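Residue-level structural notes
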Amino acid sequence: MTGLLRPRTFPGIREFVCLMAVLTALEAVSIDTMLPALDEMGAALGAPGNAKQLIISSIFIGVAIGQLVSGPISDIIGRRRAVFGFVAIYLLGTLVAVTAATMPHMLAGRVIQGLGAAGPYVVAFAIIRDRYSGRDMAQINSWIMTAFILLPVISPLIGQGIIGLAGWRAIFGAFLLFAVISTLWFAARQPETLPPDSRVAPNLPALYAAAKGVLRHRQLLVGTAVEGLLLGAFIGYLSGSQPIFLDIYGIDTLFPLVFAALALFIGAAGVINAGLVQRLGMRRLIYAAFVGMSALSLLFLFLCMPFAGQPPLWLTLTYLAPLVFCCGIGFGNVAALAMEPVDSEAGLGASVFGGIATLMAVPIGMAIGAAYDETLVPLTAGFLITSALSLLTLRFGLQPR
């Protein structure tokens, strides 16, 4: 039993990548699996109009709060204890959501779920930073994204299968099972990466000094702002994809397959990025990703005009596939860029990065979702504006090399 709870040797690189991917995927799985159930859940819970999209976006409120506090907590008590504590919160939120009879009840459960899911996500990045830095860290992030994306790719398919067999509430049972299995794997195989003598003292002066040191890193702050803009547009895509494909194109049962096919482009971005980042560096790839998103979105807006915002399905997919590919390039590299200057207090750095970025992203994503008018215009405009602002932030925020 002692060996199970306190492993002494680190897993191999492949197992480490898969384990970190599973930890970070708890949040994504809790989002993507719900997508096929939105209409049924909205009807069962009495959600008016576009309010059903809050089932997706509300989890990010908890995620934002959880990301702000989980990093400092892991700097104080260690990485492993932090994961175990936040998974317990996630399980509580899942139990609240599965018993929901109204939208407020469901949204409360989803916020608690997000709070719990944020812990493993942040701690995973802190563990990665404990062991890697620079381009090596960016390469690890890309590999993790590649493994991580396999779960969200199949999540809508799993969600649709569960709905057909046992109804939408059974999806929350799958969340419980996934969280327990992944945590047991983590407990059995991942040693503590933050020794007691490197931890932050649990008092306000020590935390203040650590926070002051972390916030001095301009690169971290710039990366956080860019991540918030990118994540905000992506939340709009996640919450709006099901209504877009159902309302505009009449895709219902095939939606999980379409969503999975698009998600594969994010996975492909991780594979390609892992090979390129050592040669080209993070900054070049980040600039290329945002230039690509801006150009694609501007062109697609013009192409939407003759179709009153409802272009043919093939044209929409031709736009979305390279767009999410660029998102995949951006996510892995922006995280590595932001965390690069953070050495000690990696947990606090991950919290600043993830928490503030998510706090920025939630209102952006909600605004894009609320602006949905049965056309592609709000989503496309959202990506155009956020990618253009990201380029400006990078251009004037980063110090030249």
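The structure displayed is predicted, hence computed values, not measured ones. (Residues numbered from 1 in each chain as written. Predicted model: local features only at pLDDT ≥ 70, side-chain atom pairs only at ≥ 80, totals over all residues. Heavy atoms only, no water.)

Here we take up the nonpolar core. Met20, Met106, Tyr237, Phe290 and Phe383 are the most contacted members of the largest nonpolar core, which totals 116 residues. Among residues more than four places away in sequence, those in contact with Phe290 are Val226, Leu230, Val334, Ser387, Ser390, Leu391 and Leu394. (Core = buried A, V, L, I, M, F, W, Y, C linked by side-chain atoms within 4.5 Å. Buried < 20%, exposed > 50% of the residue type's maximum accessible area, 1.4 Å probe, protein only. Contact = heavy atoms within 4.5 Å.)

Let us look at the pattern of salt bridges. With the rule as written, the count across this model stands at four salt bridges. Linking Arg189 and Glu15 is a salt bridge whose minimum nitrogen-to-oxygen distance equals 2.8 Å. On the criterion of sequence distance, the pair formed by Arg189 in helix 9 (residues 170-189) and Glu15 in helix 2 (residues 13-32) is long-range, its members being 174 residues apart. On the basis of relative accessible area, Arg189 is assigned to the partly exposed category, the value being 31%. Overall, Glu15 belongs to the partly exposed group, its relative accessible area being 22%. The shortest N-O distance in the salt bridge between Asp130 and Arg79 comes to 2.9 Å. Separated by 51 residues along the polypeptide, Asp130 in helix 7 (residues 103-131) and Arg79 in helix 6 (residues 79-98) bring together distant segments of the chain. Classification of Arg79 by relative accessible area gives buried; the value is 1%. Salt bridges sharing partners connect three or more residues here, namely Asp75, Arg79 and Asp130. (Salt bridge = Lys/Arg side-chain N within 4 Å of Asp/Glu carboxyl O. Helix = DSSP H or I, 4+ residues; strand = E, 2+ residues; numbered from the N terminus.)

Axis separation between helix 11 (residues 218-248) and helix 14 (residues 313-339) bottoms out at 10 Å; the angle between their running directions is 150°. Classed by the angle they form, the pair helix 11 and helix 14 counts as roughly antiparallel. Every pair of crossing elements has a handedness; the one defined by helix 11 and helix 14 is left-handed. Counted together, Gln219, Leu220, Gly223, Thr224, Val226, Glu227, Leu230, Leu231, Phe234, Tyr237 and Phe245 of helix 11 and Leu313, Leu317, Leu320, Val324, Cys327, Gly330, Phe331, Val334, Leu337 and Ala338 of helix 14 form the full contact between these two elements. Here the contact of helix 11 with helix 14 is composed, by residue class, of 16 nonpolar, four polar and one charged. (Axes fitted to C-alpha atoms, helices over the stretch in contact; angles between N-to-C directions. Parallel < 35°, antiparallel > 145°, perpendicular 65-115°, else oblique. Left-handed = near helix turned anticlockwise from the far one by under 90°. Nonpolar A, V, L, I, M, F, W, Y, C, P; charged D, E, K, R; others polar.)

Moving on, we get to the environment of Arg189. Sequence separation between Arg189 and Ala288 is 99 residues, and the spatial gap between their C-alpha atoms is 37 Å. Here Arg189 is in contact with Pro7, Thr9, Pro11 and Glu15, once residues within four sequence places are set aside.

Right, let's get into the packing of aromatic side chains. In this description, an aromatic ring pair is defined by two values, namely the gap between the centres and the angle between the planes. Within the structure shown, the criterion is met by eleven aromatic pairs. Between Phe84 and Phe186 the ring centres are 5.9 Å apart and the planes differ by 75°, which places this aromatic pair in the edge-to-face class. One end of the pair, Phe84, is in helix 6; the other, Phe186, is in helix 9, with 102 residues separating them in the sequence. Considering the side-chain rings of Phe172 and Phe175, the 5.5 Å spacing of their centres and the 90° angle between planes classify their relative orientation as edge-to-face. Taken together, the positions of Phe172 and Phe175, both in helix 9 and three residues apart, correspond to about one turn of that helix. Each member of the pair, Phe172 as well as Phe175, carries the same accessibility label: buried. An aromatic cluster of three or more residues is present, and its members are Phe234, Tyr237, Phe245, Tyr249, Phe255, Phe259 and Phe331. For Arg131, the ring lying beneath its charged end belongs to Phe16, and the centroid distance is 4.8 Å. A cation over a ring is seen here: Arg395 above Phe396, with NZ or CZ 5.3 Å from the ring centre. (Phe/Tyr/Trp six-rings, centres within 6.5 Å; stacked < 30°, edge-to-face > 60°. Lys NZ or Arg CZ within 6 Å of the ring centre and 35° of its normal.)

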